[in-house]
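Here's the letter readout for the chains.
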Amino acid sequence: MQTANLPDPSDATIGAGRIQRANSLVEDVYEAIFAQLMALKIPPGSRITVDSLVKEFNVSHTPIREALGRLEGEGLVLKTHLIGYRAAPQITRRRFDELYEMRLLLEPHGAAKAAAMMDEAKLNVLLEAAGVMSRREGKDDRVRYSNFARQDAIFHDKILEFSQNELIRETLSHQHTHFHIFRLMFHARVTEEALDEHEAILAAFGSADPDAAAKAMRIHIEHSRDRLLPAFD
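Residues numbered from 1 in each chain as written. Predicted model: local features only at pLDDT ≥ 70, side-chain atom pairs only at ≥ 80, totals over all residues. Heavy atoms only, no water.

Remarks on the sheet that holds strand β2 (residues 77–80)
Working step 1: If you trace the three strands from one edge of the open sheet to the other, you get β1-β3-β2, paired in antiparallel fashion. If you trace the sheet from one side to the other, it starts and ends with β1 (47–48) and β2, each paired once.
Working step 2: Its contacts with the sheet place helix α3 (residues 61–73) against β1, β2 and β3 (84–87), and it is angled at close to 110° to β2. (Pairing = 2+ DSSP bridges. Helix = DSSP H or I, 4+ residues; strand = E, 2+ residues; numbered from the N terminus. Contact = heavy atoms within 4.5 Å. Axes fitted to C-alpha atoms, helices over the stretch in contact; angles between N-to-C directions.)

Take a look at the structure:
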């Protein structure tokens with residue numbers, strides 16, 4: 001297997017044949033393709049050619065296929081027999097509305113339950129997952145954007161885990177909601193405003209205030225919806 005050149009993550013140039021340093025080659029390749037998908041460098045619905053990625057990243061076919069398999073499991077890549085891989089299509093306006101309706105019904109309630117059972121250990125987990133401590137780390141906007149998409153998914157998932165309703169957690173997780181909505185628009189505003197809202201949610205958790213947590217979560221989801229709606233114009 002060939003070895004990829006692995007620059008420092010803060011100076012990565014996704015799409016220019018350079019891959020971030022990580023613990024394994026497959027992880028490097030996965031992160032690079034993920035960043036391209038989230039930043040729309042690989043447009044929704046477009047074909048993904050394994051041979052092209054092999055040349056771009058200077059690695060063998062094996063890590064490319066393994067990374068694409070992982071992305072397929074996350075709903076970001078589709079594989080068709082005898083045709084190959086393509087990026088998942090963009091979600092429709094109807095699907096977008098349905099996802100946010102579901103989130104508004106479930107997540108404020110989950111945040112309230114999590115706040116009622118909050119302790120220092122859980123709060124520390126959420127502080128790390130929220131991404132507010134590293135909000136301006138890294139020089140590459142695509143990398144920062146894709147990193148935040150994943151952090152946002154983990155943050156919301158951890159809140160639902162701490163609410164102790166596994167059915168709600170699984171329901172939202174299986175939709176891969178955060179990955180699909182972040183692909184709608186590549187813009188710094190999406191991350192910076194969301195991080196401010198994460199801080200408000202964390203403040204409510206720090207006070208162990210269920211009502212404040214539910215309100216902060218509702219505001220966050222409503223604002224997220226409003227930020228991304230222009231993608232359908």
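Okay, back to it.
Things to note about the packing of helix α1 (residues 25–38) against helix α2 (residues 50–57)
Working step 1: Across the interface, α1 lies against α2 with an axial gap of 12 Å and an inter-helix angle of 110°. Looking at the two axes, α1 sits roughly perpendicular to α2. Both α1 and α2 take part in a crossing whose hand is right-handed. Residues Val-29, Ala-32, Ile-33 and Gln-36 of α1 lie in contact with α2, whose contacting residues are Leu-53, Glu-56 and Phe-57.
Working step 2: For the contact of α1 with α2, the per-class residue count stands at five nonpolar, one polar and one charged. (Parallel < 35°, antiparallel > 145°, perpendicular 65-115°, else oblique. Left-handed = near helix turned anticlockwise from the far one by under 90°. Nonpolar A, V, L, I, M, F, W, Y, C, P; charged D, E, K, R; others polar.)

What about the pairing of β2?
Working step 1: Two elements, β2 and β3, share four bridges in a ladder whose sense is antiparallel. Within β3, the residue paired with Val-77 across the bridge is Ala-87.
Working step 2: Count of turn residues in the β2/β3 antiparallel hairpin: three residues, of which Leu-82 carries a positive phi of about 70°.

As for the pairing of β3
Working step 1: For β1 and β3, the ladder comprises two bridges, and the chain directions are antiparallel. Bridge pairing in β3 places Arg-47 opposite Arg-86.

Here we look at the pattern of salt bridges
Working step 1: The full count for this structure, using the stated rule, is 13 salt bridges.
Working step 2: With its nearest N and O atoms 3.1 Å apart, the salt bridge here joins Arg-150 to Glu-31. Placement of Arg-150 in helix α6 (residues 141–163) and of Glu-31 in helix α1 is noted, with a sequence separation of 119 residues between them.
Working step 3: The buried category is assigned to Glu-31, whose relative accessible area is 15%.
Working step 4: The shortest N-O distance in the salt bridge between Glu-98 and Arg-94 comes to 3.2 Å. Of this pair, Glu-98 and Arg-94 both sit in helix α4 (residues 93–116), separated by four residues, roughly a single helical turn.
Working step 5: Linked by salt bridges that have partners in common, Asp-157, Lys-158, Glu-161, Glu-166 and Arg-169 make up one network. (Salt bridge = Lys/Arg side-chain N within 4 Å of Asp/Glu carboxyl O. Buried < 20%, exposed > 50% of the residue type's maximum accessible area, 1.4 Å probe, protein only.)

With respect to α3
Working step 1: Taking 1.5 Å as the rise per residue, α3 with 13 residues should run 18 Å; its terminal C-alpha atoms sit 19 Å apart, in good agreement.
Working step 2: Among the residues of α3, Pro-63, Ile-64, Ala-67, Leu-68 and Leu-71 are the ones counted as buried. Down the axis of α3, the buried side of the element spans an arc of 130°, and every buried residue falls inside it.
Working step 3: Residues of α3 that are buried in the fold lie against α1, β1, α2, β2 and β3.
Working step 4: Directly beyond the C-terminal end of α3, a positive phi value near 80° is found at Gly-75. (Expected span 1.5 Å × (residues − 1). Arc of directions from axis to C-beta.)

On their own, these measurements won't tell you what the molecule is for.
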